[in-house]
Amino acid sequence: MSARTVDAKMTVQEVLDDLKVAPPIYRWRQLGKGPRSIKLPNGDVRIRRSEYERWLAEWEDAA
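Residues numbered from 1 in each chain as written. Predicted model: local features only at pLDDT ≥ 70, side-chain atom pairs only at ≥ 80, totals over all residues. Heavy atoms only, no water.

Visitor: What exactly am I supposed to notice about the sheet that holds strand β1 (residues 9–11) here?
Guide: Sheet strands pair by backbone hydrogen bonding; their relative direction is either parallel or antiparallel. The 3 strands are arranged β1-β3-β2 in an open sheet whose pairing can be described as antiparallel. Both edges of this open sheet fall to β1 and β2 (38–39), since each of them pairs with a single strand only. Relative to strand β3 (residues 45–48), β2 runs antiparallel, the two being bridged by 2 bridges. Each bridged residue has a counterpart across the sheet, and for Lys-39 the counterpart in β3 is Val-45. Of the strands in this sheet, β1 and β3 are in contact with helix α2 (residues 12–19), which crosses β1 at around 80 degrees. (Pairing = 2+ DSSP bridges. Helix = DSSP H or I, 4+ residues; strand = E, 2+ residues; numbered from the N terminus. Contact = heavy atoms within 4.5 Å. Axes fitted to C-alpha atoms, helices over the stretch in contact; angles between N-to-C directions.)

What follows is the structure, given as structure tokens:
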């Protein structure tokens, strides 16, 4: 897997689809519990795949 693929930007919907959850991710972000994200000038949010994977691993270790 190339670095470009690992750091591909994911939409919030792609993260929700991967997690198979309802859309609480905005609330998670407000509470500081979601993956770090990038807010684009147009208001859209993107999450680096590497950050998403790091965040998932963090929760796995906490369980």
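Visitor: It is not clear to me how the nonpolar core should be interpreted in this structure. Could you clarify?
Guide: Grouped together as the largest cluster of nonpolar side chains are 9 residues: Met-10, Val-12, Val-15, Leu-16, Ile-25, Val-45, Ile-47, Tyr-52 and Trp-55. Every element with two or more residues in this core is listed here: α2, β3 and α4 (49–62). In terms of residue count, α2 provides more of this core than any other element does, 3 residues in total. (Core = buried A, V, L, I, M, F, W, Y, C linked by side-chain atoms within 4.5 Å. Buried < 20%, exposed > 50% of the residue type's maximum accessible area, 1.4 Å probe, protein only.)

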